[in-house]
Amino acid sequence: MKYLFSHWKKLSLKIKDFRRVFLFLDYDGTLTPIVSRPEDARLSTSVKKIIKELNSYPGLSIAIISGRSLKDTKKLVSIRGLVYAGNHGLEIEQGNRKIKRSIEPSSRPLLENIQSSLEDKLKGIKGVIVEDKGLTLSVHFRMARLEHRARIRSIFKKILKPHITSQRLKVTSGKMVLEVRPAVEWHKGMAVLAILGRGKALPIYIGDDVTDTDAFRALKGKGVSIFVGKPEKSIKADYYLKDTKETELFLKQMLDLLCLT
Ligand SMILES: [Mg+2]
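Computed from a prediction, not measured in an experiment: that's the story for all the values here.

## Some points on the overall build of the protein chain
A count of helices and strands for the protein chain gives 8 helices and 13 strands. Here the C-alpha atoms of the protein chain give a radius of gyration of 19 Å, agreeing with the 18 Å that 2.2 N^0.38 yields for 261 residues. By residue count, 52% of the 261 residues in the protein chain fall in the buried class. In the protein chain, of all internal contacts separated by at least 6 residues, the share reaching a separation of at least 24 is 59%. Of the roughly 13600 Å² of accessible surface on the protein chain, 53% is carried by carbon and sulfur atoms. One way to put it: in the protein chain the 50 positive side-chain charges average out to a point 3 Å from where the 28 negative ones average out.

Here is the structure:
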């Protein structure tokens with residue numbers, strides 16, 4: 001992975017070469033720093049302003065693609081005219097087009113059952129939040145004590161195991177979060193390709209977590225992938241940015257580039 005700002009010149013020429021650009025932005029850890037309580041991750045006024053300005057360019061489209069529910073993502077970003085993808089793309093809103101990945105109708109009551117079991121078994125452990133995101137569930141444990149984390153994982157595993165074996169659900173993990181999803185073949189990478197469609201735009205994807213690597217993979221040879229965080233060998237993106245401050249700087253440079261062309 002290359003440090004983006006050391007290769008900005010080359011990348012900017014590539015971006016200029018394309019008449020259209022489709023910018024895909026993850027939310028938590030990419031646009032806003034990771035916080036203890038998910039509801040506290042607010043978009044800064046400056047980032048919001050840059051995204052709005054970028055979106056006003058006819059040659060540039062922007063999609064926000066998050067593990068949060070669609071409703072939550074839209075509420076937090078609250079900029080009109082963007083494409084929004086929630087639950088890792090299980091639900092997408094692109095203009096008037098709404099795509100909801102069809103899942104087995106019985107998934108919902110099953111998720112509700114699992115939610116109550118998780119809440120019941122985890123209620124003795126301080127700092128755990130079980131979040132209902134409609135199509136998926138999240139167990140956040142950033143605020144839990146270090147020595148309780150192994151227990152949280154083992155309770156989670158025990159409750160989910162039979163449903164994974166029966167292939168009705170699957171689990172994924174991110175930064176201090178465990179997730180339960182319906183067992184459909186779908187991830188951020190497939191969502192990105194669905195949003196992109198057949199247009200000739202250059203896709204640029206920025207994300208900070210394991211779930212974003214599906215998108216990095218999907219764009220290999222087709223677009224530009226940017227990881228936010230400490231570069232690790234296991235993460236295969238074209239470039240990296242050190243933190244969310246640098247994401248803002250990159251977006252600002254994109255804006256300057258568009259102003260010049
Ligand atoms: Mg993220």
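The rest of the description comes next.
## Observations regarding helix 3 (residues 70–77)
Listed in full, the buried residues belonging to helix 3 are Leu70, Asp72, Thr73, Leu76 and Val77. Summarising the axial view, the buried residues of helix 3 lie within an arc of 165°, below the 170-degree limit, and thus occupy one face. Turned more than 90 degrees away from the buried face of helix 3 sit Lys71 and Lys75, all of them exposed. Tucked inside the fold, the buried residues of helix 3 contact helix 2 (45–55), strand 3 (60–65), strand 4 (83–86), strand 5 (91–94) and strand 7 (129–132).

## With respect to the pattern of salt bridges
Per the counting criterion, the structure on display carries 17 salt bridges. A salt bridge links arginine 145 to glutamate 147; the shortest N-O distance between them is 3.0 Å. With respect to class, arginine 145 is no different from glutamate 147; both count as exposed. Lysine 175 serves as the salt-bridge partner of aspartate 208, at 2.6 Å between the closest nitrogen and oxygen. One end of the pair, aspartate 208, is in the loop between strand 11 (202–207) and helix 7 (213–218); the other, lysine 175, is in the loop between strand 9 (169–174) and strand 10 (177–182), and 33 residues separate them in sequence. A residue is classified by how much of its surface remains accessible, and aspartate 208, at 3% relative accessible area, is buried. Salt bridges here are not isolated pairs; linked through shared partners, they connect Asp26, Lys188 and Asp212.

## Some words on the coordination of the magnesium ion
A four-donor tetrahedral metal ideally has 109.5 degree angles, and a six-donor octahedral metal ideally has angles of 90 or 180 degrees. Coordination of the magnesium ion by the protein is provided by Asp26 (OD), Asp28 (O) and Asp208 (OD), with metal-donor distances spanning 2.1 to 2.2 Å. Counting along the primary sequence, the residues that act as donors to the magnesium ion give the motif D-x1-D-x179-D. With aspartate 28 in the loop between strand 2 (21–25) and helix 2 and aspartate 208 in the loop between strand 11 and helix 7, the pair connects residues that are 180 residues apart, well separated along the chain.

## Overview of the environment of isoleucine 155
Examined against the element boundaries, isoleucine 155 turns out to sit in helix 5 (residues 149–165). With a relative accessible area of 14%, isoleucine 155 lands in the buried category. When the C-alpha atoms of isoleucine 155 and leucine 76 are compared, they prove to be 31 Å apart, with 79 residues separating the residues in sequence. Apart from the residues within four sequence positions on either side, isoleucine 155 is in contact with Lys121, Leu122 and Ile125.

## Some remarks on helix 8 (residues 244–260)
Relative to the 24 Å expected for 17 residues at 1.5 Å per residue, helix 8 spans 25 Å between its end C-alpha atoms, a close match to the ideal helical length. Thr244, Glu246, Thr247, Glu248, Phe250, Leu251, Met254, Leu255, Leu257 and Leu258 are the residues of helix 8 that are buried.

## Things to note about the sheet that holds strand 1 (residues 2–3)
Strand order in this open sheet of 9 strands is 1-13-12-11-2-3-4-5-6, and the pairing throughout is mixed. With partners counted over all chains shown, the strands left at the sheet margins are strand 1 and strand 6 (97–100), one partner each. Across 5 bridges, the pairing between strand 2 and strand 3 is parallel. Opposite phenylalanine 22, over in strand 3, you have serine 61 as the bridge partner.

About the cut-offs
- Residues numbered from 1 in each chain as written.
- Predicted model: local features only at pLDDT ≥ 70, side-chain atom pairs only at ≥ 80, totals over all residues.
- Heavy atoms only, no water.
- Helix = DSSP H or I, 4+ residues; strand = E, 2+ residues; numbered from the N terminus.
- Rg over C-alpha atoms; globule rule 2.2 N^0.38 Å.
- Buried < 20%, exposed > 50% of the residue type's maximum accessible area, 1.4 Å probe, protein only.
- Contact = heavy atoms within 4.5 Å.
- Areas by Shrake-Rupley, 256 points an atom, 1.4 Å probe, with all protein chains shown as cover.
- Lys, Arg positive; Asp, Glu negative; His and termini not counted.
- Charge placed at Lys NZ, Arg CZ, Asp CG, Glu CD.
- Arc of directions from axis to C-beta.
- Salt bridge = Lys/Arg side-chain N within 4 Å of Asp/Glu carboxyl O.
- Donors = N, O, S within 2.8 Å, 3.2 Å for Na, K, Ca; no water.
- Expected span 1.5 Å × (residues − 1).
- Pairing = 2+ DSSP bridges.

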